[in-house]
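This is what each chain is made of:
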Amino acid sequence: MLRANQLNSFVSPSKRDVLLILAIHLIAGFLFLSPSYIRPDSVGVMSWLRSAAIDHDFLFFDEWAGFGMIGNGFAWFKEVTPAGALANHWWVGTSILSAPFWGVSHLVSIALPGKLFPDDGFFGLDLVTLGWTSVLFGAIALILASKVLRETDAALPERDLLLTLALTILGSPLFWYLFRMPIGTHAAGAMMVAALTWLCWRLVSGRDDVSPLLVGLVFGLAVVTRLQHALLLPAILFAGVRSRRSPRFYLLFAAGAAIPAAVQGAAWHAIYGTPLGPLARGANLEGVTWMPFRHVDLLSVLASPWHGLLTWSPVVLVAIAGWVALHRQGGTSRDLAIVLSLMFAGELIANSALDRYWWGGMSFGARRFVDLAAPFAIGIGAAIRARARVGAIMAGTASTLWSVALMLAATCGSLSLSRYLSAGDLLIAVGATPRSIAFDQLRSPVASGAILTLSLVALAVVAILAAIWFALARRLHVTPAHGLLALSAAALVATLLLIAPTRQRAARERASHGLDGIAARSAGALIDQRGLLQDEAAWLLATGRSARLESTRHEIEAIGARLRELGVE
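Residues numbered from 1 in each chain as written. Predicted model: local features only at pLDDT ≥ 70, side-chain atom pairs only at ≥ 80, totals over all residues. Heavy atoms only, no water.

A. Region of interest: the overall build of the protein chain. On a plain count of helices and strands, the protein chain comes out with 24 helices and two strands. Scaling as 2.2 N^0.38, a compact globule of 569 residues should have a C-alpha radius of gyration of about 25 Å, and the protein chain matches this with 23 Å. Its C-alpha atoms give the protein chain principal-axis dimensions of about 75 × 60 × 55 Å. Considering the protein chain as a whole, with its 569 residues, one finds that 55% of them fall into the buried category. In the protein chain, 77% of the contacts between residues at least 6 apart in sequence involve partners at least 24 apart. Carbon and sulfur atoms make up 66% of the accessible area of the protein chain, which totals about 22,400 Å². Side chains of the protein chain carry 44 positive and 34 negative charges; the gap between the two charge centres is 8 Å. (Helix = DSSP H or I, 4+ residues; strand = E, 2+ residues; numbered from the N terminus. Rg over C-alpha atoms; globule rule 2.2 N^0.38 Å. Buried < 20%, exposed > 50% of the residue type's maximum accessible area, 1.4 Å probe, protein only. Contact = heavy atoms within 4.5 Å. Areas by Shrake-Rupley, 256 points an atom, 1.4 Å probe, with all protein chains shown as cover. Lys, Arg positive; Asp, Glu negative; His and termini not counted. Charge placed at Lys NZ, Arg CZ, Asp CG, Glu CD.)

B. Seen up close, the packing of helix α15 (residues 315-329) against helix α16 (residues 331-353). Axis separation between α15 and α16 bottoms out at 6 Å; the angle between their running directions is 145 degrees. When the axes of α15 and α16 are compared, the crossing they make is left-handed. Residues I320, W323, L326, H327 and Q329 of α15 form the contact with α16, whose own contacting residues are G331, S333, R334, L336, A337, I338, L340, S341 and F344. Of the residues contributing to the contact of α15 with α16, the split by class is eight nonpolar, five polar and one charged. (Axes fitted to C-alpha atoms, helices over the stretch in contact; angles between N-to-C directions. Left-handed = near helix turned anticlockwise from the far one by under 90°. Nonpolar A, V, L, I, M, F, W, Y, C, P; charged D, E, K, R; others polar.)

C. Quick look at the packing of aromatic side chains. Following the criterion strictly, the structure yields 27 aromatic pairs and no others. Residues W306 and W359 carry aromatic rings whose centres are separated by 4.4 Å and whose planes lie at 20 degrees to one another, so their mutual orientation is stacked. With W306 in the loop between α13 (298-303) and α14 (309-312) and W359 in the loop between α16 and α17 (373-385), this pair connects stretches of sequence that are 53 residues apart. Like W306, the residue W359 is buried in the burial classification. (Phe/Tyr/Trp six-rings, centres within 6.5 Å; stacked < 30°, edge-to-face > 60°.)

D. Geometry of the pattern of salt bridges. What the rule picks out here adds up to 18 salt bridges. Across the salt bridge formed by E63 and R50, the nearest N and O atoms sit 2.9 Å from each other. Here R50 lies in helix α3 (residues 40-55) and E63 lies in helix α4 (residues 61-66), a separation of 13 residues in the sequence. Like R50, E63 is buried. Because the salt bridges share partners, they merge into one network encompassing D153, D160, R385 and R389. (Salt bridge = Lys/Arg side-chain N within 4 Å of Asp/Glu carboxyl O.)

E. Spatial organisation of the environment of P445. Mapped onto the elements of the fold, P445 is located in the loop between α20 (439-442) and α21 (449-475). Residue classification places P445 among the buried positions, given a relative accessible area of 2%. Between the C-alpha atoms of P445 and R530, which are 85 residues apart in sequence, the distance is 37 Å. Once residues within four sequence positions are removed from consideration, P445 is found in contact with G29, F30, L33, I451, L452 and S455.

Here it is in structure tokens:
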């Protein structure tokens, strides 16, 4: 009887599915999670949260200095803005979504004495909690994908769901950005895109209980987590039009999306002097941070050995085949396939045209597609259940084994993630991978007693917050829309209150870190840009793009000349 009830559930996945997904992520977290791995991107992403809570401003000088990224009169990677603060082009969404977990962990860090629980806001329990929060976000993303799979295929066996999860987690870059480099934007982005996918599915399948405010809030938070998600709007509009929603739906949707956008605009106004922030002001040669529509590198984003999506994660081809299979089924399955295809097309355009550095800097594979984990999972699941089942399973397994081989090579150090790679380099790196991995290479809870202890406390924090949420939802009928609205509204109020302190303290903070000179206004950003352009030059040289190579070299020379003028070189 229980089995029959599971198979006939059209509202939500069975508790067994949820427990299975949580168990997979829990076990993988203890074996592979590396929350102590910090990059400049990680510092920028979480500085919003740490600076607001501890320094009560958005200056970020302390955060940068804490990681040794200030010296010689400038800050590495970033510049002092015209408003006098330190630039931060990373978006606020991840900090907003992580705030409840980080906030409780920080209170615990303050309460518990000892070196194991530093209360500086970045290390110790706070950092480990952020790592486990990323794991939770990834689990939620796949739970939402499983909900869609269950509702499109009531007879989906658990073995097929398990295979779908394995191919998605290991065959896409998801595993790497949930466990190996968890302190970033991708886990939160994957959860928000999964939520949008679920909501769009409910729209096209004719559900009348879809809150337009919730759709707007999720979309807004997705965009302020990663800008590329703005191009998911056509998929949402298609779902709305296909389900014949009234004008009121779109007004409430816009109102919901505006709240997270207002948080981002207020935060950037505090540090840049304009709500557009790095979209309008920056210290690179062009005077901004991004250079949209410089070139369209569609083929490179898909097929280049240098972090190309299909090269590093060929399992995506299986997902696309699954979308085709859904489209052929007709009805609401066809509408779902169109939604998923529009999402992929939007992300593809964003990643190939809206950022010159299409390869994503130091990345494992095509990291900017990680956030499409739920659409990929739905496609893979559909392919496994289609007529060409055996072929899909064989192709998916082979593709995933290749991606796993690349992960092992990267973990062992035989594969560089920070330089241009040819197809030959990938093959050589995989062939040179050692047969075993030492515990200390994992940097995980099983390799460190301290991280293990902190992980257990962090999981208790997550469990307590989850229990509080379920209690509120059951007794007070608090919905996800209520929760996201409260979270976004609180973030907006806090951000508005921090604008004045940021402006008032900027001069004193700059002076205390030696950043009042002219070099501080652009040197760090220019050095970062030069490194990226040197990577671009290596790619252009290897692929024979001589005209673009010459232009890039001129830009590198111009940066060198400017740095010499600033006295940095």
